[in-house]
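Architecture at a glance
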Amino acid sequence: MSIALLALPGCGGKPFVYNPPSEIPEGPGVFSGKDGEFILYDSKSGKGGKKSKAAVEAGAPAAVKSSTEKTGAAVAAGEKVPDSTEYREFQDFLEWKNSKQDAKEYQEFLEWKKWKEFKKWQENQ
Amino acid sequence: MKKPYCGSTLITFVSFVAALLYFSPACAVEAKLSGQVNQLIMWADNGEDNDIFIGDNENSSTRFRFTGSEEFNGVTAGITIEFDVERNLSANFDLPNRGDGTFRLLDRWLDATFAGAFGKVSLGKGSGAADGTAEVDLSGTSVITYSGVDNTAGGFTFINKTTHLPSGTTVGDTRSNFDGLSRNSRLRYDTPKFAGFSLAGSLTNGNAWEVSGWYAAEFDGLGKVAVAFGYVDTNDRGAIGSEFTQWDGSLSWLAPFGLNVTFAMGQRNPDAAGSVKADNGYVKVGWQFGSIHAASVEYGQTKDLDTRGDKSKNYGLAYVIKPWQSVELYAGARLYELDRRGASLDDIKQIMAGTRIKF
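Before going into details, it helps to say that this report is about the structure given with it.

Bridge analysis of strand β7 (residues 157-159) of chain B against strand β8 (residues 166-170) of chain B gives two bridges, and the strand direction is antiparallel. Within β8 of chain B, the residue paired with T157 of chain B across the bridge is T170 of chain B.

Right under this line is the structure:
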């Protein structure tokens, strides 16, 4: 055994990670999916939660993917995904925006937008 | 035995960690949860009695774990916290079967690590350097049979054929693969891998120490090969009079067309005056086919472990099917024999089936 251990590294094999038989096997889990692990927290995606299958396949963090779906902004394959700082800033913006929706100024802004749409319609008649 | 100089080891470790933390800002954090459930049903016969058991498969017990890591500039700090969640362990079954046994939550890993280009430093409870060195196995059937043969039958007592009474000797008393010191509270260092080869050393309580060498690589046309070798000196660890030195090794080869062969061997040399060396040998030949099936046959023997002149042997068959990547269904059968001078003992037979599901 020790002779094999000393001789084999010189034979040019491709190393692989050996998983002992008594440990939890590598590979997917019934509930945890492809990774085989529930992700409780991942700083790259900015927050906790298991990655969705679609997000894993697209190579994008789950949280980023769901926020883009919500806002309608498409993330094409290969397109650069925002980093965690940018993502957190965007979340702050959404939170600020939602908190202002009941304000008098915001309602006035919506009325103004409707009036602009009405004017545009009038011009096209 | 000369005791290792623990003071300098401790100072070196603390300085090393402090230097890493001071110079490297954190840049990525991960925390994960994973686990498995592994339950089996077994019929066993000791020559006088037989019964059916349902319990936890000690080959790879039911458990869950938390892992976390934080990446610094070139250094990853990590933690592993893992618990066995067990009831009625297969290693403790014995006839007659009296019930479900007791529940236990047992710490397996409480480990802090720092890994980088320098290798890996681990502190806490986890595998000692030689843990697993007698258990390398690429057969795909290790969930039900591997060199740790007492995990499915260690509690069964051999029956004296003449008196028809229990002999007082169990399978576990007479069998061991001499595989390191399992998991223990240790300071461990692993070298970086060089072409699949690495070395490890660990120091644990009682001034016990372990060293090991590991190799795992895949060759075009020849398949996968994994090899390990370990050495242990228990020094003052354990009960007085039970100290020993021990070496062990294992080799497993998996051909591209599915044939696989596994060998394990080891020897324990007790420190006690007048004691005799105990030896173990194990061989398994298997076949993986249809991408989800694996089958194997095995033979193992431990000599002189409990009593001088003992030959404790086993023969086994195993079959595993993996219909989904996260689910294994398995079946196995084993026969245990003990040849002891001046005693005639019944064989112990068992047939098992079960499942391991990773969640």
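Residues and elements named next belong to chain B. Residues M42, A44, I144, F156, V320 and I348 are the most contacted members of the largest nonpolar core, which totals 22 residues. For this core, the secondary structure elements donating two or more residues are β1 (28-45), β7, β17 (311-324), β18 (327-339) and β19 (348-358). Beyond its immediate stretch of four places on either side in the chain, V320 contacts G140, T141, V143, I144, A294, E328 and Y330. Judged by nonpolar contacts, the second largest core, of 16 residues, contains L138, A216, A217 and V225.

Taken together, the contact between chain A and chain B spans 32 residues of the former and 44 residues of the latter. Among the secondary structure elements, those contributing two or more residues to the side of chain A that touches chain B are α1 (2-7), β1 (14-15) and β2 (38-42) of chain A. Looking at the side of chain A that touches chain B, the element that brings in the most residues is β2 of chain A, giving five residues. Of the residues contributing to the side of chain A that touches chain B, the split by class is 20 nonpolar, eight polar and four charged. As defined by bridge partners, β1 of chain A adjoins strand β11 (residues 208-219) of chain B across two bridges and the pair is classed as antiparallel. Residue pairing for β11 of chain B: K14 of chain A is matched across the bridge by E218 of chain B.

Here we take up the pairing of β18 of chain B. Residues and elements named next belong to chain B. Side chains E328, Y330, G332, R334, Y336 and L338 of β18 all project onto a buried face; the interleaved residues V327, L329, A331, A333, L335, E337 and D339 project onto a face where none is buried. For β17 and β18, the ladder comprises 12 bridges, and the chain directions are antiparallel. Its bridge partner being in β18, Y315 is matched across the sheet by L335.

Below, the discussion takes up unusual backbone geometry. Residue and element names in this part refer to chain B. Each neighbour pair has its own omega, and for L95 with P96 the value is -5°, a cis peptide bond. The residue N207 is not glycine, and still its phi comes out positive at about 60°. By the secondary structure assignment, N207 is in the loop between β10 (197-204) and β11. Exposure remark for N207: the 16 C-beta atoms within 10 Å place this residue in the partly exposed category.

Cut-offs applied
Residues numbered from 1 in each chain as written. Chains lettered and ligands numbered in written order. Predicted model: local features only at pLDDT ≥ 70, side-chain atom pairs only at ≥ 80, totals over all residues. Pairing = 2+ DSSP bridges. Helix = DSSP H or I, 4+ residues; strand = E, 2+ residues; numbered from the N terminus. Core = buried A, V, L, I, M, F, W, Y, C linked by C-beta atoms within 7 Å. Buried ≥ 20, exposed ≤ 12 C-beta atoms within 10 Å, placed from the backbone. Contact = placed C-beta atoms within 7 Å. Nonpolar A, V, L, I, M, F, W, Y, C, P; charged D, E, K, R; others polar.

Geometry only, nothing functional implied.
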